[in-house]
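Each chain, written out:
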Amino acid sequence: MLKRRRTLLVGALGLSATLALAACSGSDSGSSGKSSDGGSGKSASKLSFLAINENETIPTTLTTLSKDECKAQDAAQPLEITKQAQSTLDQQLQLLAGQDALPQLFISANAPSLNAQLAEQGTLQDAGEALKTLGISDSVLPAATSVIENLYDGKQLVLPTELNIEGIWYNKKILADNGIEVPATWTELTDAFAKLKAAGIQPISQAGKGGDGWGVTRWVGNYIARDLGATALQDVRDGKAKLTDSEYVKAADAIADLGKQGYFGQSPTSIDYTTALNTFLTGDAAFIYMGSWAVSNFSDETQNKVGADNIGFMHFPAVDGGKGSADQMPANVGTAVAISAKGFKDTATQDWVKCIAANYGTVALRDSGQVTGFEVSGDTNVAPLSQLVQDEIGKTKESILWFEAYFSPQATTTSQNDGGLLGSGQLSGEEFMKQVQASLGS
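Throughout what follows, the structure given in this document is the object of discussion. (Residues numbered from 1 in each chain as written. Predicted model: local features only at pLDDT ≥ 70, side-chain atom pairs only at ≥ 80, totals over all residues. Heavy atoms only, no water.)

## Details of the overall build of the protein
Link 1 in the chain: A tally of helices and strands in the protein yields 18 helices and 13 strands.
Link 2 in the chain: Scaling as 2.2 N^0.38, a compact globule of 442 residues should have a C-alpha radius of gyration of about 22 Å, and the protein matches this with 21 Å.
Link 3 in the chain: Counting only C-alpha atoms and orienting by the principal axes, one finds that the protein spans roughly 65 × 50 × 40 Å.
Link 4 in the chain: Across the 442 residues that make up the protein, the buried fraction comes to 58%.
Link 5 in the chain: Computed over 33 positive and 49 negative side-chain charges, the separation of the two mean positions in the protein equals 3 Å. (Helix = DSSP H or I, 4+ residues; strand = E, 2+ residues; numbered from the N terminus. Rg over C-alpha atoms; globule rule 2.2 N^0.38 Å. Buried < 20%, exposed > 50% of the residue type's maximum accessible area, 1.4 Å probe, protein only. Lys, Arg positive; Asp, Glu negative; His and termini not counted. Charge placed at Lys NZ, Arg CZ, Asp CG, Glu CD.)

## Concerning helix H18 (residues 429-439)
Link 1 in the chain: Among all positions in H18, only Gly429, Phe432, Met433, Val436, Gln437 and Ser439 are buried. Take H18 and look down its axis: the buried residues cluster within an arc of 155 degrees, on one side only.
Link 2 in the chain: Turning to H18, the residues buried within the fold contact helix H9 (214-228), helix H10 (232-237), helix H11 (246-260) and helix H17 (409-423).
Link 3 in the chain: One or two positions beyond H18, positive phi appears at Gly441, with a value near 90 degrees. (Arc of directions from axis to C-beta. Contact = heavy atoms within 4.5 Å.)

## Comments concerning the environment of Val333
Link 1 in the chain: Note on placement: Val333 falls in the loop between strand E10 (329-332) and strand E11 (337-340).
Link 2 in the chain: Look at Val333 and you get buried, because its relative accessible area is 0%.
Link 3 in the chain: Separated by 173 residues in sequence, Val333 and Pro160 have C-alpha atoms that sit 5.5 Å apart.

## With respect to the packing of aromatic side chains
Link 1 in the chain: Inspection of the entire model under this criterion finds 18 aromatic pairs.
Link 2 in the chain: When the ring of Trp186 is compared with that of Trp219, the centres are 6.4 Å apart and the planes differ by 70 degrees; the resulting orientation is edge-to-face. Here Trp186, found in helix H8 (residues 186-198), pairs with Trp219, found in helix H9; they are 33 residues apart in sequence, far enough to count as distant.
Link 3 in the chain: Overall, Trp219 belongs to the buried group, its relative accessible area being 0%.
Link 4 in the chain: Ring pairing ties together the aromatic residues Tyr170, Trp186, Phe193, Trp219, Tyr223, Tyr263, Phe264, Phe287, Tyr289 and Phe316, which thus form one cluster.
Link 5 in the chain: Over the aromatic face of Tyr406 sits the side chain of Arg237, whose NZ or CZ is 4.4 Å from the ring centroid. (Phe/Tyr/Trp six-rings, centres within 6.5 Å; stacked < 30°, edge-to-face > 60°. Lys NZ or Arg CZ within 6 Å of the ring centre and 35° of its normal.)

## Considerations on the sheet that holds strand E3 (residues 79-84)
Link 1 in the chain: Spatial ordering of the open sheet is given by E3-E2-E4-E11-E5, a layout of 5 strands whose pairing is mixed. Edge positions in the open sheet fall to E3 and strand E5 (124-125), since each of these has one partner strand only.
Link 2 in the chain: Relative to strand E4 (residues 105-107), strand E2 (residues 47-52) runs parallel, the two sharing 2 bridges. Among the inter-strand pairings, Phe49 is bridged to a residue of E4, identified as Leu105. (Pairing = 2+ DSSP bridges.)

## Examining unusual backbone geometry
Most peptide bonds take the trans form, and the phi angle of most residues other than glycine is negative.
Link 1 in the chain: With phi around 55 degrees, Asp100 is a residue other than glycine that occupies positive phi space.
Link 2 in the chain: If you trace the backbone, Asp100 turns up in the loop between helix H3 (86-98) and E4.
Link 3 in the chain: Taking relative accessible area as the criterion, Asp100 reaches 45% and is therefore assigned partly exposed.
Link 4 in the chain: For Asp153, which is not glycine, the phi torsion reads 50 degrees and is therefore positive.
Link 5 in the chain: Position of Asp153 relative to the elements: it lies in the loop between helix H6 (142-151) and strand E6 (164-171).

## Topic: the pattern of salt bridges
Link 1 in the chain: Applying the stated criterion across every chain, the model contains 9 salt bridges.
Link 2 in the chain: A salt bridge links Lys173 to Asp177, with the shortest nitrogen-to-oxygen separation between them at 2.7 Å. With Lys173 and Asp177 both in helix H7 (residues 172-177) and 4 residues apart, this pair spans about one turn of that helix.
Link 3 in the chain: Through salt bridges with shared partners, a single ionic network connects Glu69, Arg366 and Asp367. (Salt bridge = Lys/Arg side-chain N within 4 Å of Asp/Glu carboxyl O.)

Spelled out as structure tokens, the structure:
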């Protein structure tokens, strides 16, 4: 374990884009906290937080805060957590917003465009403005602010309960036992996959079931960035290109080919996020594309059967002749938390926001190894893989967005639902891109 002040995390980070709000949701716990009365001064009886089934760190950290650092706030307004599945989160948020019934705090939408829409409608509170109102803007690291503002056209709409890098994690022993050097190019990577498959080893563990298909579409987005450059998906958003253009289809075809070769396993369409992660952590696959939000899983000895020391990290490799660079790091604020505009009018909720901003980063890093976008007070023990993440973030000069970052909720759903079909080779790259482009409305 290394001791490192959290402020070193992003000292030199000039991140120029991105985020990967990989969020989840669900409906399994809870009660029904009352919402604010619209600012009359009367506090809501509960601090209602809508979490997601797939993310345990955020509700766990908030619960810890409620019992210690934010004990006074919890006494005034007890924390109440409800959960829901990621695949239905966006629909639920739209429904609640339409009823003016968003909880005070909630996991922000999977589709960034929906967060922007809710803010424009006046139901989602601009988190940056909230922090400014409370006089605590400096509780968020500049790098996290930069990442969020790049996604939301200069606005800081969410709280950075995660600050992640993304890339390919690998099993060091499997590679060493099979005489494989860490790949630096796409050709070297696919050669490694072929060698592993021939040896009876599953090359990649990746989820492709339903909305968890983002595990496959991340490969598409990164291939596009390496081949066509960091602004290629922005060009699609701005109408300068289409996903059905041949150079974009090439990227989807490259991933479909991995599926046809069986590199994602026998049936990725039946594999959810938890199963994919478990397959890697039990040593049954050599590689997994994943964000650093999973470092808490990697560092958990009850989950990780291969050992934290046996896990390595590599950047998504360069594509031969591509315009992009392997130094361009996919980075995001992962599963972020949003504040409802109605809830923020409640002074007790404001007190909670102050306490969360001051303490969340320290508790999440200390207890879960989770790197966040909040300042951390004092010295905190940092697990080796968390330190690796911090070092990688510190070296990053330019970051890139994930595949669906600029997509509408409908196109995001289409892409992620079809990701597993692409990863199993059941959809060609052209078919996949046609369906996603159609969902974009052009």
